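Summary of structural features
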Amino acid sequence: MNFFGSNRKRSHGADAVVTGAGSGIGAAFAAELARRGGRVVCSDIDEGAAQRTAQAITAAGGDALALRCDVSRIEQVEQLAESAQTWFDGPPSLVVNNAGVGAGGQPIGEISHDDWNWVLGINLWGPIHGCHVFTPILRGADGQQPRGIINVASAAAFGAAPGMAAYNVSKAGTLSLSETLSAELSGTGINVTVLCPTFVKTNIVESGRITAQSTQLADRLMRWTGFSPERVARMCLDTNDRGGLYCMPQPDARIGWGIKRLTPTVYTRAVGLTTRFTSHEEVS
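Along each chain, residue indices are assigned from 1 in the same order as the chain's sequence is written. The predicted nature of this model means local features are confined to residues of pLDDT at least 70 and side-chain atom pairs, given and counted, to a pLDDT of 80 or more, with totals for whole chains, interfaces and linings taken over all residues. Side-chain measures were taken over the full set of non-hydrogen atoms in the model, leaving aside hydrogen atoms and water.

As annotated in an unreviewed UniProt entry, the chain is Short-chain dehydrogenase from Mycobacterium aquaticum. UniProt positions are given in the numbering used here, feature names are shortened, and annotations may be inferred rather than shown by experiment. Its UniProt record gives the chain the following Sequence similarities (unreviewed entry) comment, quoted word for word: "Belongs to the short-chain dehydrogenases/reductases (SDR) family."

Regarding the environment of glycine 244
Numbered from the N terminus, helices here are DSSP runs of H or I no shorter than four residues, and strands are runs of E no shorter than two. Structurally, the position occupied by glycine 244 is in the loop between helix 9 (229-241) and strand 9 (246-247). Once the C-alpha coordinates of glycine 244 and valine 192 are considered, the two residues, 52 residues apart in sequence, prove to be 7.6 Å apart. In contact with glycine 244, other than residues within four places in its own chain, are Asn191, Val192, Thr193 and Thr239. Residues count as neighbours in contact if any of their non-hydrogen atoms are within 4.5 Å of one another.

With respect to the nonpolar core
Counting residues in each nonpolar core, the largest one holds 29 residues, and the members touching the most others are Phe29, Leu33, Cys42, Val96 and Leu195. Counting only elements with at least two residues in this core, the list comes to strand 1 (15-18), helix 1 (24-35), strand 2 (39-44), helix 2 (47-59), strand 3 (63-68), strand 4 (94-97), strand 6 (147-152) and helix 9. The biggest single contributor to this core is helix 1, with six residues. Among residues more than four places away in sequence, those in contact with leucine 195 are Ile25, Phe29, Asn151, Val152, Ala153, Ser154, Val232, Cys236, Cys247 and Pro249. Here, nonpolar core means buried Ala, Val, Leu, Ile, Met, Phe, Trp, Tyr and Cys residues that are tied together by side-chain atoms lying within 4.5 Å of each other. Partly exposed residues are those whose accessible area sits between 20% and 50% of the maximum for their type, while under 20% is buried and over 50% is exposed, using a 1.4 Å probe and protein chains only.

Comments concerning the pattern of salt bridges
Criterion for a salt bridge: a side-chain nitrogen of Lys or Arg within 4 Å of a carboxyl oxygen of Asp or Glu. The final tally for this structure, using the stated rule, is six salt bridges. Between aspartate 15 and arginine 39 there is a salt bridge whose closest N-O contact spans 2.9 Å. Of this pair, aspartate 15 sits in strand 1 while arginine 39 sits in strand 2, and the two are 24 residues apart along the sequence. Overall, the relative accessible area of 12% leaves aspartate 15 in the buried class. Arginine 39 gets classed as partly exposed once you look at its relative accessible area, which sits at 28%. Here the salt bridges share partners, and the residues they tie into one network are Glu32, Arg35, Arg36, Asp238 and Asp241.

A closer look at the pairing of strand 1
Across the two faces of strand 1 the burial is the same, with Asp15 and Val17 and Ala16 and Val18 all buried. Strand pairing requires that DSSP identify at least two bridges connecting the strands. Here four bridges tie strand 1 to strand 2, and the two strands are oriented parallel to one another. Counted as the bridge partner of alanine 16 is valine 40 from strand 2. Assignment of crossover handedness uses the view with strands pointing away from the viewer, where a clockwise path from the first strand over the helix to the second indicates a right-handed crossover. After leaving strand 1, the chain enters helix 1 and then returns to the sheet as strand 2, a path that is right-handed. Judged from the three bridges that link them, strand 1 and strand 4 form a sheet pairing that is parallel. By the bridge assignment for strand 4, valine 17 is matched with valine 95.

Let's talk about helix 10 (residues 251-262)
Between the first and last residue of a helix there are one fewer steps than residues, each counted as 1.5 Å, and that sum is the expected span. With twelve residues, helix 10 extends 17 Å between its outermost C-alpha atoms, agreeing within 8% with the 16 Å of an ideal straight helix rising 1.5 Å per residue. Those residues of helix 10 not exposed but buried are Ala253, Gly256 and Trp257. Down the axis of helix 10, the sector holding all buried residues measures 100°, keeping them to one side. Away from the buried face of helix 10 by more than 90 degrees, exposed residues Ile255 and Leu262 are located. Arc definition: it is the arc formed by the directions from the helix axis to the C-beta atoms.

Let's talk about the environment of serine 23
Structurally, serine 23 is set in the loop between strand 1 and helix 1. Classification of serine 23 by relative accessible area gives partly exposed; the value is 33%. When the C-alpha atoms of serine 23 and arginine 52 are compared, they prove to be 9.1 Å apart, with 29 residues separating the residues in sequence.

Examining the packing of helix 4 (residues 113-139) against helix 6 (residues 165-184)
Two elements in contact, helix 4 and helix 6, have axes separated by 8 Å at closest approach and are oriented at 15°. Taken together, helix 4 and helix 6 sit at an angle that is classed as roughly parallel. Note that helix 4 runs across helix 6; the crossing there is right-handed. For the pair formed by helix 4 and helix 6, the contact residues are Trp116, Val119, Leu120, Asn123, Leu124, Pro127, Ile128, Cys131, Thr135 and Arg139 on the first element and Ala165, Ala166, Tyr167, Val169, Ser170, Lys171, Gly173, Thr174, Leu177, Leu181 and Glu184 on the second. Fitting a line to C-alpha atoms yields each axis, with helices limited to the stretch in contact; the angle taken between N-to-C directions then spans 0 to 180 degrees. Roughly parallel here means an angle under 35 degrees, roughly antiparallel means over 145, roughly perpendicular means 65 to 115, and every remaining angle is called oblique. Helix crossings get a hand from a simple test, with the near helix turned counterclockwise from the far one by less than a right angle marking a left-handed crossing and a clockwise turn marking a right-handed one.

The structure is reproduced here in C-alpha cells:
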C-alpha cells in the first residue's frame, strides 16, 4: 500500500520512535502506531519492559524493535536516533517524547534537591534531548513524507497544583518547548503536538516519588475521571494528523486551560484554596 502523498496521515504507516514505551501511554502509542501500519522503535530505560511492548506488537503482526534509552542522557538519545535510523534504513517520520515520572506531595522548600534533579532530568531534559536530536533529522527527511513530533506534557503544565512543583515545572517547560518548536517548524511540514491530559490510568503514581496521602488522592481521581492510555494515544495521534498543536483529551483539562487563560490570578488562588480544603478533608 502506498502511504505517501498529500493525503497521507502522519500516524499511518509511520516510522516511529516512542520513548517510555515500556508501559502506560508510551506502550499505548507504540501499539496504536503499529495498528496504523507503522514500524515502531520502542525505547525505555527498562529494557525488559520495552521488549515486552515490542513482543506484543510483533505477536499481533506488527513490526517493532526494543531499545534501552535513558532520556536524561543526551548521548543515549543520540544512540537511540542512530540505531533507529539503521533499523528503519532512513530517518523516522514521527517521534513521541513520552518518557516521564511522577513526583509530588511536598511543598517548595521541602522537596529534596535530588527529587528536583530526578524529575527535571527525565520529564524536561528528556523532551529537550529528544527534540534537540531528532528535529534536525526530521528536517532533513524526504519532504513528501508527513513528519511529526509529539511531546507528552500534562495539564499540570498550567494547573499549578500545590505540592507538585517539580512535576509542574517539568511539564510547563515541555509545553513551552513544544510551542516554541512549533513556531520554529512552521511551514516545514513537521507538525508538533503537545499532549496535556489530566488523569490517565497508568502506573505513574506507583512508580513515582509521591507521598502516601497524595497517592491515595491520585488513585481515587484516576479511578473516577481517568481515561485509558489507549484512548489518550488515539486522540493525540489524531490531533497530530489534523495538524493540531494542543491535545487535551479530557473536558476538565480543556476547562482548566480556558479558565487559566481568561483569569489566571483567580484561577491560581482558587486552586490553592481548593487544595487546602481537600487536604484537610483527607486528613480528617
